Amino acid sequence: MRALALTLALTAAPVAASELSSSITDKLILPAFEELAADSRTLARAAQADCDPQSGALRAAYGEAFDAWIAASHYRFGPTETDSRAFALAFWPDSRSKTPKALAGLIRSEDAGIKDPAKFASYSIASRGFYALEFLLYDPQLSTAGTPEYRCALTRAVSTDIAATSKAISADWQQSYAAELRAPGSRYQTEDEITQELFKTLTTGLQVLDGMRLGRPLGTYQKPRPNRAEARRSGRSLRHVLVSLNALEPLAVALAEGHADLQEKITAGFAKARTKAEALDDPVFAGVSDPAGRFRIESLQQEIKDLHTLMREDLGPALGVAAGFNALDGD
Amino acid sequence: MTTRRGFLAGLMASTLTSQASWASAGSPAFLSAGKDASGAFLLAGLSDTGGILFRHPLPGRGHAAAAHPVRPEAVAFARRPDRFADVIDCRSGAATARLEPPAGHHFYGHGTFSPDGSRLFTTENDYENARGVIGVWDATGGYRRITAFSSGGIGPHDMALRRDAPGLVVANGGIETHPDSGRAKLNLPDMRPNLSYLSLEGELQAQMELAQELRLNSIRHLAVRADGTVGFAMQWQGDPGEQLPAAGLHRPGTAPRLMAEDDARVLNLKGYGGSVAFSADGSRIGVTSPRGGVLQVMDTVSGALLREFRMHDVCGLAASAGGFTASTGNGQFFAVSDAGQHPLHRADLAWDNHLIPLI
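Residue positions are given per chain, counting from 1 as you read along its sequence in written order. Chain A is the first chain written and ligand 1 is the first ligand written, with later ones labelled in order. Side-chain atom pairs in this predicted model are given and counted only at pLDDT of 80 or more, local residue features only at pLDDT of at least 70, and totals for whole chains, interfaces and linings cover all residues.

Turning our attention to the overall build of chain A. Counting its regular elements, chain A contains 12 helices and 0 strands. Secondary structure elements follow DSSP: runs of H or I of four or more residues count as helices, runs of E of two or more count as strands, with numbering from the N terminus. Tracing chain A from N to C terminus, the helices and strands come up as α-α-α-α-α-α-α-α-α-α-α-α. In terms of overall dimensions, chain A has C-alpha extents of about 65 × 50 × 50 Å along its principal axes. Across the 331 residues in chain A, those meeting the buried criterion constitute 44%. By the criterion used throughout, residues are in contact when their C-beta atoms, derived from the backbone, lie within 7 Å. Of the contacts formed within chain A by residues at least 6 apart in sequence, a portion of 78% connects residues at least 24 apart. Here a residue counts as buried when 20 or more other C-beta atoms sit within 10 Å of its C-beta, as exposed when there are 12 or fewer, and as partly exposed otherwise, the C-beta atoms being derived from the backbone.

When helices and strands are tallied, chain B shows 1 helix and 29 strands. C-alpha atoms define the radius of gyration in this analysis, and the globule rule sets the expected value at 2.2 Å times the number of residues to the power 0.38. Computed over its C-alpha atoms, the radius of gyration of chain B comes to 19 Å, within 12% of the 21 Å expected for a compact globule of 359 residues. Dimensions of chain B, computed from C-alpha atoms along their principal axes, come out at roughly 55 × 45 × 45 Å. For chain B, buried positions account for 53% of its 359 residues. Across chain B, the fraction of contacts at a sequence separation of at least 24, relative to all contacts at a separation of at least 6, is 48%.

This next bit is on the interface of chain A and chain B. With 23 residues of chain A in contact, the opposing surface of chain B contributes 26 residues. For the side of chain A that touches chain B, the element with the highest residue contribution is helix α9 (residues 191–218) of chain A, accounting for 7 residues. Any residue that is not Ala, Val, Leu, Ile, Met, Phe, Trp, Tyr, Cys, Pro, Asp, Glu, Lys or Arg is counted as polar, Gly included; the first ten are nonpolar and the last four charged. Residue composition of the side of chain A that touches chain B, by class: 8 nonpolar, 9 polar and 6 charged.

Here we come to the UniProt feature "domain: Imelysin-like" (unreviewed entry) in chain A. UniProt positions are given in the numbering used here, feature names are shortened, and annotations may be inferred rather than shown by experiment. On the UniProt side, "domain: Imelysin-like" (unreviewed entry) is annotated at positions that read residues 29–310 of chain A here. In the segment residues 29–310 of chain A, helix accounts for 68% and strand for 0%; the C-alpha atoms at its two ends are 23 Å apart.

With that settled, the discussion passes to the domain arrangement of chain A. All names here are of chain A. For the domains described, the bounds stem from an automatic or database domain assignment. With domains assigned, chain A is organised as domain 1 (35–188) and domain 2 (190–322). At the interface, 16 residues of domain 1 touch 21 residues of domain 2. Breaking the side of domain 1 that touches domain 2 down by element, the ones donating at least two residues are α3 (56–72) and α7 (129–138). Top contributing element to the side of domain 1 that touches domain 2 by residue count: α3, with 4 residues. Among the residues making up the side of domain 1 that touches domain 2, the classes are represented as 11 nonpolar, 1 polar and 4 charged.

A separate point is α9 of chain A. Residue and element names in this part refer to chain A. With 28 residues, α9 ought to run about 40 Å at 1.5 Å a step, and its terminal C-alpha atoms sit 39 Å apart, in line with that. One axis fitted to the seven residues ending at a residue, another fitted to the seven starting there: the angle between these axes is the bend at that residue. The axis of α9 is deflected most strongly, by about 30°, at V208. Directly after α9, the chain includes G219, whose backbone phi takes a positive value near 50°. Expected span of a helix, by definition, is 1.5 Å for each gap between consecutive residues, and there is one gap fewer than residues.

All right, on to the sheet that holds strand β12 (residues 156–161) of chain B then. Residue and element names in this part refer to chain B. Strands qualify as paired when DSSP identifies two bridges or more between them. A sheet is described by the order of its strands in space; here 4 strands give the open sequence β12-β13-β14-β15, paired in antiparallel fashion. The outermost strands of the open sheet, each flanked by one partner alone, are β12 and β15 (204–208). Neighbour to neighbour, the strand axes of the sheet diverge by 20° on average, direction disregarded. Fitting a line to C-alpha atoms yields each axis, with helices limited to the stretch in contact; the angle taken between N-to-C directions then spans 0 to 180 degrees.

Here W92 of chain A and P93 of chain A are connected by a cis peptide whose omega angle stands at -5°. You can see P93 of chain A is positioned in the loop between α4 (85–89) and α5 (98–109). The peptide bond linking R80 of chain B to P81 of chain B adopts the cis configuration, its omega dihedral lying at 0°. For E110 of chain A, which is not a glycine, the phi torsion comes out positive at approximately 50°.

What follows concerns the pairing of strand β24 (residues 314–320) of chain B. All names here are of chain B. Most of β24 sits out of view: 7 of its 7 residues are buried. Across 6 bridges, the pairing between β24 and strand β25 (residues 323–328) is antiparallel. Within the sheet, the bridge partner assigned to A319 lies in β25 and is F324. From the end of β24 to the start of β25, which pair antiparallel, there are 2 residues.

Attention now goes to the sheet that holds strand β17 (residues 230–236) of chain B. Residues and elements named next belong to chain B. Taken in spatial order, the 4 strands make up an open sheet running β16-β17-β18-β19, and their pairing is antiparallel. Whereas interior strands pair on both sides, the edge strands pair on one side only; in this sheet they are β16 (217–224) and β19 (257–258). As paired elements, strand β18 (residues 247–250) and β19 share 2 bridges and run antiparallel to each other. Among the inter-strand pairings, L249 is bridged to a residue of β19, identified as R257.

What follows covers the pairing of strand β4 (residues 62–67) of chain B. Put simply, side chains in a regular strand alternate between the two faces of the sheet. Residues and elements named next belong to chain B. For β4, the buried fraction is high: 6 of the 6 residues fall into the buried class. The pairing of β4 with strand β5 (residues 73–78) spans 4 bridges and is antiparallel. Its bridge partner being in β5, A66 is matched across the sheet by V75. Where β4 folds back onto β5 in an antiparallel hairpin, the turn is made up of 5 residues.

A rise of 1.5 Å per residue sets the reference length of helix α8 (residues 148–182) of chain A, with its 35 residues, at 51 Å; its end C-alpha atoms lie 48 Å apart and thus fit the reference within 8%. At Q174 of chain A, α8 of chain A shows its largest bend, some 55°.

Now for the confidence of the model for chain B. Residues and elements named next belong to chain B. The quantity called pLDDT is the predictor's confidence in a given residue, expressed from 0 to 100. With 94% of its residues at a pLDDT of 70 or more, chain B has an overall mean of 93. Ignoring residues within four places in sequence, the model shows residues 1–8, a span with pLDDT below 50, making 6 contacts including any to other chains. Overall fold confidence (pTM) sits at 0.92, and the ipTM for the predicted complex is 0.90.

Right, let's talk about the packing of helix α11 (residues 260–280) of chain A against helix α12 (residues 291–319) of chain A for a bit. All names here are of chain A. Two elements in contact, α11 and α12, have axes separated by 9 Å at closest approach and are oriented at 165°. In terms of orientation, α11 and α12 fall into the roughly antiparallel class. Seen from above, α11 lies across α12 with left-handed handedness. Packed against α11, whose contacting residues are L262, K265, I266, G269, F270, K272, A273, K276, A277 and L280, the element α12 presents R296, I297, S299, L300, E303, I304, D306, L307, L310, D314, L315 and A318 at the interface. Per-class residue counts for the contact of α11 with α12 are 13 nonpolar, 2 polar and 7 charged. The cut-offs work like this: below 35 degrees is roughly parallel, past 145 is roughly antiparallel, 65 to 115 is roughly perpendicular, and the gaps in between are oblique. The handedness criterion is simple: a crossing whose near helix is rotated anticlockwise from the far helix by less than a right angle is left-handed, and one whose near helix is rotated clockwise is right-handed.

Once that is clear, we can look at the environment of A44 of chain B. Residues and elements named next belong to chain B. Here A44 shows up in strand β2 (residues 41–46). As a C-alpha pair, A44 and F54 span 10 residues in sequence and 5.5 Å in three-dimensional space. In this view, A44 contacts S32, G34, I52, F54 and R55; residues no more than four positions away in its chain are not counted.

A few words now on the packing of α5 of chain A against α7 of chain A. Residue and element names in this part refer to chain A. At a minimum axis distance of 10 Å, the contact between α5 and α7 shows a crossing angle of 60°. Compared by their axis directions, α5 and α7 come out oblique. Judged by the sense of rotation from one axis to the other, the crossing of α5 with α7 is right-handed. Along the contact surface, α5 presents T99, P100 and L103, while α7 presents Y131, A132, F135 and L136. When the residues that make up the contact of α5 with α7 are grouped by side-chain class, the tally is 6 nonpolar, 1 polar and no charged.

The following block contains the structure:
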């Protein structure tokens, strides 16, 4: 009863922006990047222990670390943008197939630079990160190209690099950026700007789900593009949608703190999207090419569009932030 | 040529000294359209640090503006598909004329004066004929419509004076629209944007089209460097997530040069170049993306992306002494240089797409 009274008291007035951003920083953002750093460290160790692409332990560690990135990847500001770290971890969509080309080039030339982590960190982002590692572990051609020794060294180099990049992001968050986001200062001048950043993070995350993770493989009815499904070689396309929904929901709920009705709507909206995703039984969206399968993927996409509309029309005004005057203009 | 232009401008200035100059309007550094806290639209004259020197209410949302080369007079253009352009006396903020395009036309939101200030050119949609048009107005008195000529393509948007030869350069975005269907894009299957170089009388002198695989990259915005090099910014109409350039350089008779083509960070622009400007020394070109909340600065020699600056809803961009000045939909004004971004001013209104420099 006392807990209920407290909840009611809290919902009575919108939460101060600095409280909101402090809570989101501490409860969502810092743990997400800590998890990514820890899982990436485990991945690098797994690759050292066994670099065979068929290794169950390596593949499991890869899956854990990739999940952790997807769950953190919507926080695309500050530490992820330094030195293009987000792209170095995750260069996707790769509309020009640069990743397989870059990896094939390294394997063909047996470029020895990959053995020096500092040097490898300066290589094209196309040859680094989770999508590059997916090719090395799961692509029939690249996972068997060249010599086993070189592929092994490359698998270790990419894994070590992922761990170093993830560690750097997490360290920056803890050492400096968390403070920037908790209260206005040099980076954000007002609390509104901080709220705006967090709100944009949420809406951009939903846009990536809608336009990229689902929209790219859907293509058009006349021209579906199943080969554009994200991480299809490792069978993770649908999984990424679920991981992302599960990561965006607590952010949306936290931003709606103090607005109990809206929180309920948000929870219901995410539940609908999740139910549709879980019922799909189509891990790489192969169904985009047949009418029945396509209908179900489009129906999931619609749930995500509805969530985006809810954020724009209800959450944005509740927070006193609007989607951009110019961003929406289209001129 | 420059001599002639300088002579004419000087002549205009001397005949008008008894009247008015930009100094009498407080020498604004920029013009920008905006929306105030009550939701009303306006055109403002701004100091180089973003202070508002004058404001004029507009009947609808504005877009860009043009400044008369001599008189303290600005023209605020309606955002497409609206049909007004207000001529404003910048000393008082009062309108002295309201232009309306002929029936069947609407403005696209950009325009420019002839070098001598005698004519105003406006980009227009002749929508019943799906034809891009440049409207010509008599700016010597009363703003009578003189004539119109083809823009060289569909969907002319930004337009600027050439600086290597007399004439205009027009960004024909390639997208057909009709007011009956709002802002819907009617011709994506066969759109083909171009840059058209026209004489001031409307003869097509040169034209640049991008490679076929970039035909969905709508060329929208322009900046012209002192040596005549044209910088252009594009907006992608194809699938999201394609790694494509958003800015390029062009000189008539040569192939276009695309900026930062192989840099993944172009994805941060979300396929949407909002404004483009050269730095004051011409060594850099900047492109803003309000959708990405980012300004990217490229080296005009190497084409490399040098640096990104994050600013929420940034769009307006112009050269300034140390590099660039940028404006945002949050009413912010930033100085951007190699040293970083520095907030200069915040107004309680939203700055619209473009920051028009007064030179």
